[in-house]
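These are the residues of each chain, in order.
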Protein chains: 8
Amino acid sequence: MNKPLVGILMGSDSDLGVMKDAAEVLEQFGIGSEVKVLSCHRAPEKVVEYVRDASARGIKVFIGGAGMSAGLPGVIAAHTELPVIGVPLLSASSAAGGLDSILSVMQLPPGIPVAAVALNGAKNAGLLAAQIIGTGDADIRAKIIDYKKKMEKDILAKNEKLEKEGYKKYLEKK
Amino acid sequence: MNKPLVGILMGSDSDLGVMKDAAEVLEQFGIGSEVKVLSCHRAPEKVVEYVRDASARGIKVFIGGAGMSAGLPGVIAAHTELPVIGVPLLSASSAAGGLDSILSVMQLPPGIPVAAVALNGAKNAGLLAAQIIGTGDADIRAKIIDYKKKMEKDILAKNEKLEKEGYKKYLEKK
Amino acid sequence: MNKPLVGILMGSDSDLGVMKDAAEVLEQFGIGSEVKVLSCHRAPEKVVEYVRDASARGIKVFIGGAGMSAGLPGVIAAHTELPVIGVPLLSASSAAGGLDSILSVMQLPPGIPVAAVALNGAKNAGLLAAQIIGTGDADIRAKIIDYKKKMEKDILAKNEKLEKEGYKKYLEKK
Amino acid sequence: MNKPLVGILMGSDSDLGVMKDAAEVLEQFGIGSEVKVLSCHRAPEKVVEYVRDASARGIKVFIGGAGMSAGLPGVIAAHTELPVIGVPLLSASSAAGGLDSILSVMQLPPGIPVAAVALNGAKNAGLLAAQIIGTGDADIRAKIIDYKKKMEKDILAKNEKLEKEGYKKYLEKK
Amino acid sequence: MNKPLVGILMGSDSDLGVMKDAAEVLEQFGIGSEVKVLSCHRAPEKVVEYVRDASARGIKVFIGGAGMSAGLPGVIAAHTELPVIGVPLLSASSAAGGLDSILSVMQLPPGIPVAAVALNGAKNAGLLAAQIIGTGDADIRAKIIDYKKKMEKDILAKNEKLEKEGYKKYLEKK
Amino acid sequence: MNKPLVGILMGSDSDLGVMKDAAEVLEQFGIGSEVKVLSCHRAPEKVVEYVRDASARGIKVFIGGAGMSAGLPGVIAAHTELPVIGVPLLSASSAAGGLDSILSVMQLPPGIPVAAVALNGAKNAGLLAAQIIGTGDADIRAKIIDYKKKMEKDILAKNEKLEKEGYKKYLEKK
Amino acid sequence: MNKPLVGILMGSDSDLGVMKDAAEVLEQFGIGSEVKVLSCHRAPEKVVEYVRDASARGIKVFIGGAGMSAGLPGVIAAHTELPVIGVPLLSASSAAGGLDSILSVMQLPPGIPVAAVALNGAKNAGLLAAQIIGTGDADIRAKIIDYKKKMEKDILAKNEKLEKEGYKKYLEKK
Amino acid sequence: MNKPLVGILMGSDSDLGVMKDAAEVLEQFGIGSEVKVLSCHRAPEKVVEYVRDASARGIKVFIGGAGMSAGLPGVIAAHTELPVIGVPLLSASSAAGGLDSILSVMQLPPGIPVAAVALNGAKNAGLLAAQIIGTGDADIRAKIIDYKKKMEKDILAKNEKLEKEGYKKYLEKK
């Protein structure tokens, strides 16, 4: 396994089903990651300790996923000079259709940036981490270019199929 | 001056104009307080250090005021067993009419309660702190009863004046 | 059973499934509570009567849970000098993903504080009540410290398991 | 002056500038009204006392105006069998562009209706009260018909002027 | 059957499952009603025709239920001098958790009041119509008083049962 | 089949189940359409290429459906002088009950209009496209008039049935 | 002056300051328009009468601007087979930052499309009307192409200036 | 001047007053940047051309600022493999207190990440760009550590002053 370059943290193991997407997409790029369950509210010191230690060990990007009043990404950002990506999570405890975690992750004060992605957007968090690493690694950058080309190819293939079959047949087959 | 029983923290000195209301109302009840500018994002260790130290020195309640992604009350709550009151603040950087700080202060996860008051509700935060202290202090409790009686008397006096003068004259005089 | 120190009110017995969490967590701390179904809209006088009587009998904190235009916590607060915790509740009648009860519970006017917790946050309401009682009771305070330590221990145990097994195996087992 | 048929209540005399519109429009229909400053949070017993007394004295409709967590209309409704009109008010303390008072006034639970009008819609509250009284009073009903005809005539006159002058000239003159 | 005094309109027969509550509660008070499916967007002339005819035939109150951009109550109000109650409806096509119909029903411009009730609040619409009719009918007024007493009795009975059984047993039985 | 006059684009084939309504309603008017799956984020050049080509081939109106940050309609509009209709789509990834796609589709800057329809309103998008084509085609215009008459007839038939059967029987049969 | 092809309606002459942008942009394309102040709530019959008459006289597109519960565009759409553009307007009476008019204009039910543009987007409404007319008029279509080219040229000129001067100097000069 | 590593784009020169903060903070770190006014709606091809060219010339991060339906960051992201930071902007045309641009910038679909910062958070966008560049540049990383230390020092100095003077004197002096 590759040396981990991305630290993926979440506040509860119930977030793992969504947050694993970040680790999986990084794996596709051959980027190692560490996955941690460490709440900034229930185990605050451990979060700080981990962030500092990981920073020293060579982690380059952090991803923090959290729901409700999603403080975790901001707490990570407070303790590191590295870029931090925040994933707002939707759960049964969310208010206003997820606006609580969206605004908590996004509205950080001047001086402490967090890079917020979409609600439950763990996959994009992983991609963004790869893009960040790619700014200093030509191999990764090339892989991202390929990834984007494949996405394009996939949707164009679907479009071609749709054009050939017509939307009625296409929908029936789905 | 009385020994401080309430620790009032805010993330920026631009919050002081609103947050001072908490200190003032506590002063009316003869309750001492400490006012601190200590951002959980810009000076996170100092916040933790203060919270622990204050807790040991005899502080009984914390009040944390913060705007935007208002993490401060939750960070205080993560490091103390004492009750924490959160004041969401409205500023030029607020989103959605203050929903960012309201939801950040209120939507804390299970295990880490924060007592949220209204947007810019620093006065109520002070009163709530007094009520909490009053649960163990008959004098304070009596003062709160008086405070509430005075509020009632004040509004009844206004009502009486309004009844006497009629609303047109009342408005002119205002 | 211990003498009740917390009065837990809700507007309808359909709220009991959520609100029982407050009573249960208080029980863990050895704090007695009373559970009441008393709507401020359907039985307003009874609410007032109960609040006054409870106050005289030695109740120290009230918890009011209510959905929609959640007036109950504010009505309790209007009739007591004790701290009142409000729990906004989500139901099939909620509007805007629970913003109706969130804002009704939280946006009390100056002079009448309510300590709002998260949407459906009855457990946190119970914990906050315990913290308030703990400000005057060293035993309770010690129990809260233990409770927080246990929460930390639990999440660190999960984290350790996750580190050992890796996220793929961890998710499979869940 | 006519015997008052409408009781207009508000939580603070700062609401009077908006709420006076209700009294004024009722006056145009020759319907007497009483204007009161009586907070359901600061003077709850007086509100109840007034509502019962007014009900016995011949008041037919109540109008309650309130901002933030606007409990007043619901409290009035809890203590009377008469129709209650609620006016959500916007102020510097409002959250989310007035959604707090809108949802507090509107989302009353089954059994306790409140007739909500628009944000700051005191004039419409007065008109609605007149319409309600008009269901049992042919004179008032005729006056409402005239009022509506006049509104139509006014806007048609403006439209005619606009057609004659063209929008450029019309705007210059304004 | 009693002569209808209330006209209940809705934009689609898919709304009938909710809107029937208005007719049923009126029936409990012995107040006759007419139930119509008449969209202001799909059959606008018929709505106008009905409103005028009903007004002449002795209808005293209209109730309009509609979802999405809920124009029906406002259209009714534009064509009658009688009070109009609006019921915002929630459906699979709703946006922002029902805010679309809530704001469409409530935010009528000055001069055209609509009495808005809660989201899906058809029962309260029926009660409000009864209260309006009650302002000119002592029998109905007495029945509303009884209705409210019964509501209070019912909740106090539940409360008594809860006190006797304790919340755990009460929940098990439910 | 008729020569296509409307280009219907969507960002993902998971949108096809909703977006097909546009094609179907156009088919009822005898208006041909092309259905494409072409994401402005995953295949941006292909979108531009298609829009230009279609424009040259005689397409008269574009319909773009997209969820989340729904950029597709705006991207189409940036590359054509033809009218563009935008359909905000609701999905499991939506935030705030669909406000994300609603506001993304609607809030285009000055100079680049998009005609936004309701959330998931693909049928109305098709109708609007037909109305636009009808401005230059008397046959289509006549068909729209018929379509509207049929809608009216349908709802009046339902209303008649409801009047005959009463709402109780009507609901049972449904 | 050209024969009017676009009917521009608004509910109040206070909307004219914004709505005039639609007429002005149409004038740039040499398209005549009629500007009317005709509230669907205060002068509903006149709206219907105008819409039918205008339709017969050769109007091809309607633009309806309205604030609050913005019913006007939907009412126009209910009475014509022509395309209707809706402009949600922001005013001092708006709720939730304009969400009331946005959702009222946009969330029309199936069968009655309205083409919604941005909040206060009267200019885009005019452009969209021109684009619709352009689908049957090659001259207008060419003018829209020119208009878009000019917009592009203008922003590229600004960009060039910015590149030459640098942002500091550019901002000083502004 | 340093070779530019960050491309800062915005849709209008009216955004420059806010967006310049990104360039200024980068300058503090000795990181060169390019500032461009290039709307994805008004000059879409130029945006694409610039993004590709800049990417080839050695730009490492893009920052896109946009208001309303803020499509610019997503359009940039669609055409590059580099990380893109999005700044939602608040303006007089914003809806719902800025939720339009917040959700447009943040809710990008899977495959096309954008790193969203706070409303008007251009300074944080600059800092985040510096952090990203810092992952491959020890000098920059050291400067960020210093920047964070300075922020902490500044707030601790304010706190010390506040402790010395007391909040009353502190406020007077401000």
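Residues numbered from 1 in each chain as written. Chains lettered and ligands numbered in written order. Predicted model: local features only at pLDDT ≥ 70, side-chain atom pairs only at ≥ 80, totals over all residues. Heavy atoms only, no water.

**Description of the overall build of chain A**
Then, in step 1: Looking only at helices and strands, chain A has six helices and five strands in total.
Then, in step 2: Each helix (α) and strand (β) of chain A, taken in turn from the N terminus, gives the series β-α-β-α-β-α-β-α-β-α-α.
Then, in step 3: For chain A, the spread of C-alpha atoms along the three principal axes comes to 60 × 40 × 30 Å.
Then, in step 4: When the 174 residues of chain A are sorted by exposure, 64% land in the buried category. (Helix = DSSP H or I, 4+ residues; strand = E, 2+ residues; numbered from the N terminus. Buried < 20%, exposed > 50% of the residue type's maximum accessible area, 1.4 Å probe, protein only.)

**Concerning the relation of the copies chain A and chain B**
For the pair of chain copies, the relating operation is a rotation around an axis with a shift along it.
Then, in step 1: Between chain A and chain B, which share one sequence, the superposing operator has a rotation angle of 180° and an axial displacement of 0.0 Å; the RMSD is 0.0 Å. Look at the turn and shift together and you get a two-fold axis relating the two. (Least-squares fit on C-alpha atoms with pLDDT ≥ 70 in both.)

**With respect to the pairing of strand β3 (residues 61-67) of chain B**
All names here are of chain B.
Then, in step 1: With respect to burial, β3 is a largely interior element, six of its seven residues being buried.
Then, in step 2: In this sheet, β3 lies alongside strand β1 (residues 4-10) in parallel orientation, the contact comprising five bridges. From the neighbouring strand, I8 faces β3, where its bridge partner is I63.
Then, in step 3: Both β3 and strand β4 (residues 84-89) contribute to a ladder of six bridges, which runs parallel. Residue pairing across strands places G65 opposite V87, the latter belonging to β4.
Then, in step 4: With helix α3 (residues 72-78) bridging β3 and the parallel β4, this β-α-β connection has right-handed handedness. (Pairing = 2+ DSSP bridges. Right-handed = clockwise from strand over helix to strand, strands pointing away.)

**A short note on the interface of chain A and chain B**
Then, in step 1: In this complex, chain A contributes 24 residues to the contact, which on the side of chain B involves 24 residues.
Then, in step 2: Buried area between chain A and chain B, summed over both chains or domains, comes out near 2100 Å², and the portion from carbon and sulfur atoms is 63%.
Then, in step 3: Where B:R52 meets A:E45, a salt bridge forms, and the shortest distance between an N and an O atom there is 2.4 Å.
Then, in step 4: Our count for the contact surface shared by chain A and chain B stands at 11 residue pairs in polar contact (both at pLDDT 80 or more). (Contact = heavy atoms within 4.5 Å. Buried area = accessible area lost by both parts, 1.4 Å probe. Salt bridge = Lys/Arg side-chain N within 4 Å of Asp/Glu carboxyl O. Polar contact = N/O pair within 3.5 Å; in protein donor to acceptor, adjacent residues only side chain to side chain.)

**Details of the relation of the copies chain A and chain H**
Then, in step 1: Rotating chain A by 180° about the axis while translating it 0.0 Å along that axis superimposes it on chain H, leaving an RMSD of 0.0 Å.
Then, in step 2: When the interface residues of chain A are mapped onto chain H, 100% of them again fall at the interface, so both copies present the same face.

**As for the nonpolar core**
Then, in step 1: With 528 residues, the main nonpolar core has A:I63, C:I63, D:I63 and F:I63 as its most contacted residues.
Then, in step 2: Sequence-distant contacts of A:I63, that is, excluding residues within four places in its chain, are made with A:V6, A:G7, A:I8, A:L9, A:M19, A:A22, A:L26, A:I85, A:V87, A:A125, A:G126 and A:A129. (Core = buried A, V, L, I, M, F, W, Y, C linked by side-chain atoms within 4.5 Å.)

**What to know about the packing of aromatic side chains**
Residue and element names in this part refer to chain F.
Then, in step 1: Applying the stated criterion across every chain, the model contains 16 aromatic pairs over all chains.
Then, in step 2: With centroids separated by 5.3 Å and ring planes inclined at 45°, the aromatic side chains of F29 and Y147 adopt a geometry described as tilted. Of this pair, F29 sits in the loop between α1 (16-28) and β2 (32-37) while Y147 sits in helix α6 (residues 138-173); the two residues are 118 residues apart in sequence, bridging distant segments of the chain. As far as the burial class goes, F29 and Y147 line up, both buried. (Phe/Tyr/Trp six-rings, centres within 6.5 Å; stacked < 30°, edge-to-face > 60°.)

**Notes on the arrangement of the chains**
Then, in step 1: Taking C-alpha atoms only, the smallest gap left between chain A and chain G, which are not in contact, amounts to 14 Å.
Then, in step 2: Chain D makes no contact with chain H; the smallest distance between any of their C-alpha atoms is 8 Å.

**What to know about helix α5 (residues 122-134) of chain H**
Residues and elements named next belong to chain H.
Then, in step 1: Given a rise of 1.5 Å per residue, 13 residues ought to cover 18 Å, and the 18 Å separating the end C-alpha atoms of α5 matches this to within 8%.
Then, in step 2: With 12 of its 13 residues buried, α5 lies for the most part within the structure.
Then, in step 3: Those residues of α5 lying buried are A122, N124, A125, G126, L127, L128, A129, A130, Q131, I132, I133 and G134. (Expected span 1.5 Å × (residues − 1).)

**Remarks on the interface of chain A and chain H**
Then, in step 1: Contacts between chain A and chain H engage 38 residues on the former and 38 residues on the latter.
Then, in step 2: Taken together, the two surfaces of chain A and chain H that pack against each other cover about 3400 Å², and 62% of this comes from carbon and sulfur.
Then, in step 3: The largest per-residue losses of area from chain A upon contact with chain H belong to A:E81, A:M106 and A:T135, which jointly make up 20% of the total buried on that side.
Then, in step 4: The partner of H:R141 in a salt bridge is A:E81, and the shortest N-O contact between them spans 2.7 Å.
Then, in step 5: The interface formed by chain A and chain H includes 19 residue pairs in polar contact (both at pLDDT 80 or more).
Then, in step 6: Among the elements that make up the side of chain A that touches chain H, the one with the highest residue count is helix α5 (residues 122-134) of chain A (six residues).
Then, in step 7: Looking at side-chain class alone, the side of chain A that touches chain H contains 26 nonpolar, seven polar and five charged residues. (Nonpolar A, V, L, I, M, F, W, Y, C, P; charged D, E, K, R; others polar.)

**Things to note about the pairing of strand β4 (residues 84-89) of chain G**
Residue and element names in this part refer to chain G.
Then, in step 1: Burial of β4 is extensive: six of the six residues sit out of reach of the surface.
Then, in step 2: In this sheet, strand β5 (residues 115-116) lies alongside β4 in parallel orientation, the contact comprising two bridges. Paired with I85 across the two strands is A115, which belongs to β5.
Then, in step 3: Running through helix α4 (residues 99-106), the crossover from β4 to the neighbouring parallel element β5 is right-handed.

**Considerations on the environment of F:F29**
All names here are of chain F.
Then, in step 1: Looking at F29, the relative accessible area reads 2%, which means it is buried.
Then, in step 2: Sequence separation of F29 and A142 is 113 residues, and the distance between their C-alpha atoms is 9.9 Å.
Then, in step 3: Non-local contacts of F29, meaning those with residues more than four positions away in its chain, are made with L127, A130, I140, K143, I144 and Y147.

**Comments concerning the side chain of D:K36**
Then, in step 1: Relative to the elements of secondary structure, D:K36 occurs in strand β2 (residues 32-37).
Then, in step 2: For D:K36, a relative accessible area of 11% translates into the label buried.
Then, in step 3: Every residue in contact with D:K36, bar those within four places of it in the chain, is listed here: B:N159, B:L162, B:E163, D:I8, D:L9, D:M10 and D:Y50.

**Overview of the state of the cysteines**
Then, in step 1: Tallied over the full model, the rule gives zero disulfides over all chains.
Then, in step 2: Free of any disulfide, C:C40 has its nearest cysteine sulfur in D:C40, 9.0 Å distant.
Then, in step 3: The buried category is assigned to D:C40, whose relative accessible area is 7%. (Disulfide = S-S within 2.5 Å.)

**Quick look at the packing of helix α5 (residues 122-134) of chain E against helix α6 (residues 138-173) of chain E**
All names here are of chain E.
Then, in step 1: Packing of α5 against α6 brings their axes to within 8 Å, and their N-to-C directions diverge by 140°. The orientation of α5 relative to α6 falls into the category oblique. In the packing of α5 onto α6, the handedness of the crossing is left-handed. Across the interface between the two elements, K123, L127, A130, Q131, I133 and G134 from α5 touch I140, R141, I144 and Y147 from α6.
Then, in step 2: By residue class, the composition of the contact of α5 with α6 is six nonpolar, two polar and two charged. (Axes fitted to C-alpha atoms, helices over the stretch in contact; angles between N-to-C directions. Parallel < 35°, antiparallel > 145°, perpendicular 65-115°, else oblique. Left-handed = near helix turned anticlockwise from the far one by under 90°.)

**Description of the side chain of E:D100**
Then, in step 1: Topologically, E:D100 is positioned in helix α4 (residues 99-106).
Then, in step 2: One buried charged residue, E:D100, forms no salt bridge at all, with the nearest opposite charge on E:R42 at 13 Å.
Then, in step 3: At a separation of 3.0 Å, a polar atom in the side chain of E:D100 contacts the side chain of G:Q107.
Then, in step 4: Sequence-distant contacts of E:D100, that is, excluding residues within four places in its chain, are made with E:M68, E:S93, E:S94, E:A95, G:L103 and G:Q107. (Lys, Arg positive; Asp, Glu negative; His and termini not counted.)

**Points about helix α6 (residues 138-173) of chain B**
Then, in step 1: Taking 1.5 Å of rise per residue, the 36 residues of α6(B) would be expected to cover 52 Å, yet its terminal C-alpha atoms sit only 41 Å apart, more than 12% below that figure.
Then, in step 2: Those residues of α6(B) that fall on the buried side of the exposure criterion are B:I140, B:I144, B:Y147, B:K148, B:M151, B:I155, B:N159, B:L162, B:Y167 and B:Y170.
Then, in step 3: Where the residues of α6(B) are buried, they touch α1 (16-28) and α5 (122-134) of chain B, α3 (72-78) of chain C together with α1 (16-28) and β2 of chain D.
Then, in step 4: Between the side-chain oxygen of the N-cap and the backbone nitrogen of B:D139 there are 3.0 Å, and the N-cap of α6(B) in question is B:D137.

**Considerations on the pattern of salt bridges**
Then, in step 1: The tally for this structure, following the rule as stated, stands at 88 salt bridges over all chains.
Then, in step 2: Residues E:K158 and C:D13 are paired through a salt bridge, measuring 3.6 Å at the closest nitrogen-oxygen approach. Of this pair, E:K158 sits in helix α6 while C:D13 is found in the loop between β1 (4-10) and α1 (16-28), placing the two residues in two different chains.
Then, in step 3: In this structure E:K158 comes out as partly exposed when scored by relative accessible area, which is 37%.
Then, in step 4: Take C:D13: its relative accessible area is 10%, and that puts it in the buried class.
Then, in step 5: A salt bridge links C:D53 to C:R57, with the shortest nitrogen-to-oxygen separation between them at 2.9 Å.

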